[in-house]
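# Understanding the architecture of this molecule
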Amino acid sequence: MKPYELSPEKLTSQCEESCLKFTTTAEVTPIDGVLGQDRALEAIAFGLGMKRRGYNIYVGGNLGYWQK
């Protein structure tokens, strides 16, 4: 399979402010749980279920994403 290179413009999307139903994020009700990460949760459950040595779980993402 030939690699496909994406420009930064193709990796972003924009939303018109008029489509939002709030003025500030302080008005938004927080979500309890994980949204849209079903596959990741299944992978973590699988990894934690391994009963042998030598397996690792790698998690990547933005540092401090969930910190308040």
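Residues numbered from 1 in each chain as written. Predicted model: local features only at pLDDT ≥ 70, side-chain atom pairs only at ≥ 80, totals over all residues. Heavy atoms only, no water.

### Thoughts on the overall build of the chain
Along the chain, the regular secondary structure elements total one helix and zero strands. Scored against the burial criterion, the 68 residues of the chain give a buried share of 0%. With an accessible surface of roughly 7,900 Å², the chain has 54% of that area assigned to carbon and sulfur atoms. (Helix = DSSP H or I, 4+ residues; strand = E, 2+ residues; numbered from the N terminus. Buried < 20%, exposed > 50% of the residue type's maximum accessible area, 1.4 Å probe, protein only. Areas by Shrake-Rupley, 256 points an atom, 1.4 Å probe, with all protein chains shown as cover.)

### A look at a nonpolar patch on the surface
On the surface, Val34, Leu41, Ile44, Leu48, Ile57 and Val59 cluster together to form a nonpolar patch covering roughly 540 Å² of accessible area. Of note, Leu41 is situated in helix α1 (residues 38-48). (Patch = residues over 30% accessible without salt bridge, like charges linked within 9 Å, V, L, I, M, F, W, Y side chains within 5 Å. Salt bridge = Lys/Arg side-chain N within 4 Å of Asp/Glu carboxyl O.)

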